[in-house]
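Listed here are the chains, written in short residue letters.
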Amino acid sequence: MGWFSLLFGPDGWAPLLLRGTVITILLSVVTVPFGFGAGLVLALLKLSPSRPVRVACDAYTTFFRGIPDLLSLFIVYFGLQSLLNVLARLLGDAWRIEMNAFVAGVIALSVVVAAYSSEVWVASLKAVPPGQAEAARSLGLHPKQVFLLVILPQLGRVALPGMGNIWTILVKDTSLISTLAVSDLLRAASEASRATTRPLLFYGAAAGIYLIFSIVSGVGQAYLERRANQGYA
Amino acid sequence: MLDALEGIAGFVFNLDLLSTYGWRLLQGLRITAEVVLISCSLGFLLSYPLARGRMSRNPLISAPALAYVTFFRGTPLLCQLYLVYYGAGEIRPFLASVDLWWFFRDAFYCCIFAFTLNTAAYQAEIVRGAVQSVPKGQLEAARALGLSPYAIARHVLWPQALLIALRPLGNELIGIIKASALAAIVTLLDLMGETRFVFARTFDFSIYLYSALIYLSITQAISRLWNWIEALLSRHLLAGRPATMVLGAATRKGQGAALDPLRAEP
């Protein structure tokens, strides 16, 4: 069969790949607020005056940056699963919760992204001149306001290049979730190539879609950086 | 309560497991080391011509090099690995006819093949960024002094470029060690593969933690070693500062993309 009818014919595999693509996009997009948010919290804790807190947060980052992403995902995924089992055993079967693979995937990716992004957040928090917070405080702003209204808006510009890198890592890392029974783009390609014995075609198509992603992300990142740097020479 | 604590302790530590299956992890570690060392060195050899291609003024050379680098950095390594490993099966008659099937039949060689092509793309960008961040005046001055092209490369360009490339190259080595865990997915029994094997047998979660500790100590050791090498090689510059800070250009705007730590530590 020609490649065109294999993809777009009446029994073509394009719809499956498309569904996989949507899952991949959803996985990455849903992970962003959790992963980057947790990373910011981690970064704030790393700058805290308490030494034990700092050490614990640094250990977290060192651990998850020092081991393969695939292993991190497995640890979080199977760790969650066994933890749920232990809890169910302790609390009785009424508490047994079935873990949704997609949710577990988002949690696992968030754990990794939090570790990566916290370093970028720390660097950009340090890049905001201390005078900004001092001035805001002396104007009588509440600490919460100091952070939300003065510091946070200035973080984005500095953090953007690093965050862009982490975003590309994240999009590519979603492919690892395919090994955990989430039917993302790569898993869809695997299914299609197993059924048709045409792996080159389907993995090639998946690679093409990933490539489009990363090119679009690159263009979008350049645009955002240009916009954020308006007014800064 | 005590019961629960015991449950959690058994959940994290299990020394019996280590004494039964520890040797398996060590065996896997050997495979991981082989895959990483071979593909990293081959990738380094490939990276130089690629970087030259990227810098070429001839679009017939620079466009394919750009396409290569964009493809291998823009798609997941797992997808590339599947393309090689499963794709080779599809064109088996052809590979057999050119007597290459023995190579692509083996998951070990497939992993080395895919990882080499992948890391070559990353290393090429590192090398390119480093070469381009050597100030032009250095080369002009060397040429004005009448140095031969070889002498310029040997005494002016590379000592400066390699110092700048050192740190990102170290990050890339760590990146490849981490990425090599993907070999387990195509049935290779590397450290990750042995870990999965033991887990499938025992359903004991702590094997993942032991494996993580091994990976962690390796990546940490390399990162320490790299700090030491960098300090050693840049001691002629401002005392105690990393080369990238002194030579500056690497982190300057516009050049940052060249040293982009896409997979390495951000």
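Residues numbered from 1 in each chain as written. Chains lettered and ligands numbered in written order. Predicted model: local features only at pLDDT ≥ 70, side-chain atom pairs only at ≥ 80, totals over all residues.

Considerations on the overall build of chain A
(1) Moving on: The helix and strand tally for chain A stands at nine helices and zero strands.
(2) Moving on: Taken from N to C terminus, the helices and strands of chain A fall in the order α-α-α-α-α-α-α-α-α.
(3) Moving on: Based on the C-alpha atoms only, the size of chain A along its principal axes is roughly 75 × 55 × 30 Å.
(4) Moving on: Per-residue burial over chain A gives 38% buried out of 233 residues.
(5) Moving on: Sequence separation of at least 24 residues holds for 74% of the intrachain contacts in chain A that already meet a minimum separation of 6. (Helix = DSSP H or I, 4+ residues; strand = E, 2+ residues; numbered from the N terminus. Buried ≥ 20, exposed ≤ 12 C-beta atoms within 10 Å, placed from the backbone. Contact = placed C-beta atoms within 7 Å.)

Observations regarding the overall build of chain B
(1) Moving on: If you tally the helices and strands in chain B, you get 12 helices and zero strands.
(2) Moving on: When the helices and strands of chain B are read in sequence order from the N terminus, they spell out α-α-α-α-α-α-α-α-α-α-α-α.
(3) Moving on: Burial analysis of chain B (266 residues in total) assigns 41% to the buried set.
(4) Moving on: Restricting the contact set of chain B to residue pairs at least 6 apart, pairs at least 24 apart contribute 75%.

Some words on the interface of chain B and chain A
(1) Moving on: The partner chain A presents 42 residues to the 35 residues of chain B that form the contact.
(2) Moving on: Residue assignment for the side of chain B that touches chain A shows that the elements contributing at least two residues are α1 (2-12), α3 (59-74), α4 (77-90) and α11 (206-233) of chain B.
(3) Moving on: Per-element tally for the side of chain B that touches chain A: the top contributor is α4 of chain B, with eight residues.
(4) Moving on: A class-by-class count of the residues in the side of chain B that touches chain A yields 21 nonpolar, nine polar and five charged. (Nonpolar A, V, L, I, M, F, W, Y, C, P; charged D, E, K, R; others polar.)

Let's talk about the nonpolar core
(1) Moving on: Counting 118 residues, the largest nonpolar core has L71, A189 and A206 of chain A together with C111 and L182 of chain B as its most contacted members.
(2) Moving on: The dominant element in this core, judged by the number of residues it contributes, is helix α7 (residues 107-132) of chain B, at 15 residues.
(3) Moving on: Not counting the four nearest positions on each side in its chain, A189 of chain A is found in contact with L17, F202, Y203, A205 and A206 of chain A. (Core = buried A, V, L, I, M, F, W, Y, C linked by C-beta atoms within 7 Å.)

Topic: α11 of chain B
Because an α-helix packs 3.6 residues into every turn, residues spaced three or four apart end up facing the same way.
(1) Moving on: Helix length check: α11 of chain B, at 28 residues, gives a terminal C-alpha distance of 41 Å against a target of 40 Å (1.5 Å per residue), a fit within 8%.
(2) Moving on: Along α11 of chain B, the residues that are buried comprise I207, Y208, Y210, S211, A212, Y215, I218 and T219 of chain B.
(3) Moving on: Next to the buried residues of α11 of chain B lie α3 (51-66) and α4 (69-91) of chain A together with α2 (15-55), α9 (149-179) and α10 (191-202) of chain B. (Expected span 1.5 Å × (residues − 1).)

Observations concerning the confidence of the model for chain B
(1) Moving on: Of the residues in chain B, 84% have a pLDDT of 70 or more, and the chain-wide mean is 86.
(2) Moving on: The ipTM assigned to the predicted complex is 0.90, against a pTM of 0.87. (pLDDT = per-residue confidence, 0-100.)

Re unusual backbone geometry
Residue and element names in this part refer to chain B.
(1) Moving on: In the Ramachandran plot, D99 falls in the positive-phi region, its phi being about 65° despite a non-glycine side chain.
(2) Moving on: As for its placement among the helices and strands, D99 is situated in the loop between α5 (92-97) and α6 (101-104).
(3) Moving on: Here the phi dihedral of F203 falls at roughly 55°; this positive angle occurs in a residue that is not glycine.
(4) Moving on: Note that F203 resides in the loop between α10 and α11.

A closer look at the packing of helix α8 (residues 185-196) of chain A against helix α9 (residues 199-228) of chain A
How two helices pack is summed up by the angle between their axes together with the distance between the axes.
All names here are of chain A.
(1) Moving on: Where α8 contacts α9, the axes come no closer than 8 Å and their chain directions differ by 165°. Classified by the interaxial angle, the pair formed by α8 and α9 is roughly antiparallel. The element α8 and its partner α9 pack so that their crossing is right-handed. Packed against α8, whose contacting residues are L185, L186, A189, A192 and S193, the element α9 presents P199, F202, Y203, A205, A206 and I209 at the interface. (Axes fitted to C-alpha atoms, helices over the stretch in contact; angles between N-to-C directions. Parallel < 35°, antiparallel > 145°, perpendicular 65-115°, else oblique. Left-handed = near helix turned anticlockwise from the far one by under 90°.)

Thoughts on the environment of E90 of chain B
(1) Moving on: Inspection of the secondary structure puts E90 of chain B in helix α4.
(2) Moving on: Excluding anything up to four places from it in sequence, E90 of chain B contacts T197, R198, P199 and L200 of chain A.

Considering the environment of G105 of chain A
Residues and elements named next belong to chain A.
(1) Moving on: Structurally, G105 can be placed in helix α5 (residues 101-127).
(2) Moving on: A residue is classified by how many C-beta atoms lie within 10 Å of it, and G105, with 26 of them, is buried.
(3) Moving on: As for G105 and V76, which are separated by 29 residues in sequence, their C-alpha atoms are 8.8 Å apart.
(4) Moving on: In this structure, G105 is in contact with L27, I177, L180 and V182, ignoring residues within four places of it in sequence.

Considerations on the packing of helix α2 (residues 14-46) of chain A against α5 of chain A
Residue and element names in this part refer to chain A.
(1) Moving on: Packing of α2 against α5 brings their axes to within 6 Å, and their N-to-C directions diverge by 45°. In terms of their interaxial angle, α2 and α5 are classed as oblique. The handedness of the crossing between α2 and α5 is right-handed. Contact residues: L27, V30, T31, F34, G35, F36, A38, G39, L40, L42, A43 and K46 in α2; G105, V106, L109, S110, V113, A114, S117, S118, W121, V122 and L125 in α5.
(2) Moving on: In terms of residue class, the contact of α2 with α5 is built from 15 nonpolar, seven polar and one charged.

Details of the environment of N171 of chain B
(1) Moving on: Here N171 of chain B lies in helix α9.
(2) Moving on: It is 7.9 Å that separates the C-alpha atoms of N171 of chain B and S223 of chain B, two residues lying 52 residues apart in sequence.

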